[in-house]
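Fold and geometry: a report
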Amino acid sequence: MLNKIIKFTAMRKTYYQRLAGMGLLLVVLFAFQEYTSKEKEDFSGVKFVTEHPAEISITKFDPNELDAKQWQNLGFTERQAATILNYKKVVGGKFVSKQQLKKCFAISETKFSALNPYILLPETGKDAGSDSFNTSEKRAITVSRSFNPDLYTADDWQKMGFSEKQAAAILKYKHYLGGSFTSKEKFRECFIISEENFRKISPYLLLPEKTPAGSGHYSKNTNPEKSKIRYYAFDPNTLDLEGWKSFGFSEKQAQTIINYRDRNLKGSFKNLEEIQRCFVISPEKFAEMKPFIRLNTAGITAHASNQKTELRQQEKTDFSKVDLNSITFRQLIEFGFDEKAAGSMIGFRKKLGGFVTKEQILTTYNIDKELTQKLLSTAPLNASAVQKYTLLDAPEEWLKNHPYFKYSADRIIFYRLSEKDERKIWKLLKVKPEYETRMKMYLK
């Protein structure tokens, strides 16, 4: 009996399921019939819009009026736009010709060709009318002797016959190149120097004809990020281990040059021949470096004079009266230092331009700290003759060779082109507090 009841229940359940399925099918068929019976809607008035990618629209423009965003609208990256604006500052704050604008390394040949028809500038500086940087300005340029343009001040250029603004623009162009013209070829590219004046000045320039290989200065065919060696004006008597290494020497070769200078030559190269005779400096390498060598003859003469004075001193030295900024190599040996330690201390003092505090002496390499402490407690230190500058007027060569400034030198030189507030320059430099304190010891 129970089995019959279960069987009947299952049959009834199946019946209702089939009935529900048939009902759903009827609903779907009815809906489809209603849809197909409607009149077809008219879509003839509907138009589809096709979006085309935005293209750069170029109209005639004055590059002197564009800001960073507008340069980017012309297809340049944010970094390229910033470079163009910095270049405008370098050339005096205003582009005077297409020829000048073309020299900006952020603008490729292809890009310039595309923009050229729309640029509202004369083709060359000679067509620039009465602009204050016009190179065709009728001023007599006179040159009477050979000279190194890297060492010329604004006053020197004005004495030659250039206007005040032209002299300032020449110096800014030198800054743009990295602090050195490097060759007659690069000097000729300065937009202030007309062809006529270049022919007049060229025979007197103490520069190589072509830019030395590996000089690393910016040019249209040089990528500064890929340059392995960047030369700059330097005094071989103050260059340290890292400085020689930056010129392509290995650490061992750099140390050999320093030992040759400090031991064999008693601390100073007297002439170019002595540098050339150092066996780790090949003739090819010497030829590359030669245009950048600045021997401080005044310092060498003073050193020679000190040596003669030392030879005359036969009596025992009273170190309580010897200034640590003038103590000699011989006197350090007399106090008990070995030659390596004495040479290191004299060399470090020379690179610094003099000690400002006694604590600095303790940071000298290769010294006996205990013996040095004894010397410091005995001998006085007079720092009144130590040369100091501001960040704005410090010479480039001094910045690049001073142990405390050389790693920030390029950034200081760049920032001060447009920024005249030293506090803002310090913020841009972002050096560690201990480094800033050390640097400020040599600033006014």
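In this text the structure is predicted, and so the values were computed from the model without any measurement.

Compared with the 20 Å implied by 1.5 Å per residue over 14 residues, the 20 Å span of helix H16 (residues 339–352) between its first and last C-alpha is a close match. For H16, every residue scored as buried is listed here: Ala341, Ala342, Gly343, Ser344, Met345, Ile346, Gly347, Phe348, Arg349 and Leu352. Of the residues that open H16, the one with a side-chain oxygen 3.3 Å from the backbone nitrogen of Lys340 is Asp338. Immediately downstream of H16, the backbone of Gly353 shows phi near 85°, a positive value.

One pass over the structure, following the stated rule, counts 15 salt bridges. The salt bridge partner of Lys159 is Asp155, with a shortest N-O separation of 3.3 Å. On the criterion of helical spacing, the pair formed by Lys159 and Asp155 is a turn pair, its members being four residues apart in helix H6 (residues 154–160). Judged by relative accessible area, which is 62%, Lys159 ranks as exposed. Measuring nitrogen to oxygen at the nearest pair gives 2.9 Å for the salt bridge that ties Arg261 to Asp262. Accessibility assignment for this pair places Arg261 and Asp262 in one class, buried. Connected through salt bridges with shared partners, the residues Glu242, Lys245 and Glu251 form a single ionic network.

Another aspect to go through is the nonpolar core. Ranked by internal contacts, the top residues of the largest apolar core, which has 44 residues, are Trp157, Met160, Phe162, Phe187 and Ile201. Mapped by element, the contributors of at least two residues to this core are helix H3 (78–90), helix H5 (109–115), H6, helix H7 (164–177) and helix H9 (195–201). At seven residues, H7 tops the list of elements feeding residues into this core. By size, the runner-up hydrophobic cluster in this structure holds 41 residues, among which are Phe335, Tyr389, Leu429 and Met441.

A few words on the confidence of the model for the protein. On average, residues of the protein score 79 in pLDDT, and 77% of them reach the 70 mark or higher. The lowest-confidence element of the protein is helix H14 (residues 297–312), averaging 55 in pLDDT; the highest-confidence one is helix H17 (residues 358–361), averaging 92. Under a pLDDT of 50 for its full length, residues 46–54 has, in the predicted model, zero contacts with residues more than four places off or in other chains. Note on residues 128–137: pLDDT is under 50 here. Beyond four places in sequence and across chains, it has 29 contacts.

Within the structure shown, the criterion is met by 23 aromatic pairs. With a centroid separation of 4.9 Å and an interplanar angle of 80°, the aromatic rings of Phe319 and Phe335 are classed as edge-to-face. Residue Phe319 is located in the loop between H14 and helix H15 (329–335), and its partner Phe335 is located in helix H15; the two are separated by 16 residues in the primary sequence. Overall, the relative accessible area of 10% leaves Phe319 in the buried class. Assessed through its relative accessible area of 16%, Phe335 is described here as buried. Among the aromatic residues, ring-to-ring pairing joins Phe147, Tyr152, Trp157, Phe162, Phe181, Phe187 and Phe198 into one connected group. Across the ring face of Phe76, the terminal group of Lys111 is positioned such that the distance to the ring centre comes to 5.3 Å.

Reading the values: rules and limits
Each chain has its residues counted from 1, running along the sequence as written. Per-residue local features are limited, in this predicted model, to residues with pLDDT of at least 70; the limit for side-chain atom pairs, both in listing and counting, is 80 or more; totals at the level of whole chains, interfaces and linings are taken over all residues. To get the side-chain values, all heavy atoms of the structure are used, and hydrogens and water are removed first. Labels follow the DSSP assignment, with helices taken as runs of H or I lasting at least four residues and strands as runs of E lasting at least two, numbered in each case from the N terminus. Each residue after the first adds 1.5 Å to the expected span of a helix. The buried label applies to any residue whose accessible area, calculated with a 1.4 Å probe on protein chains only, is under 20% of its type's maximum; exposed applies above 50%, and partly exposed to all values in between. Within 3.5 Å is the distance limit for a polar contact, defined as a pair of N or O atoms, with the added protein rule that one can donate a hydrogen and the other accept it, and that residues adjacent in sequence qualify only through two side-chain atoms. Every case where a carboxyl oxygen of Asp or Glu lies within 4 Å of a side-chain nitrogen of Lys or Arg is listed as a salt bridge. Here, the term nonpolar core denotes a set of buried Ala, Val, Leu, Ile, Met, Phe, Trp, Tyr and Cys residues that are joined through side-chain atoms within 4.5 Å. Residue-level confidence of the predictor is what pLDDT reports, using numbers from 0 through 100. Any pair of residues with heavy atoms lying within 4.5 Å of one another is described as a contacting pair. Centre distance within 6.5 Å is the pairing criterion for rings of Phe, Tyr and Trp, where only the six-membered ring of Trp is used; planes under 30 degrees apart are then read as stacked, over 60 as edge-to-face, and the remainder as tilted. As a reminder, the over-ring test applies to NZ of lysine and CZ of arginine, requiring each to be within 6 Å of the ring centre and within 35 degrees of the ring normal.

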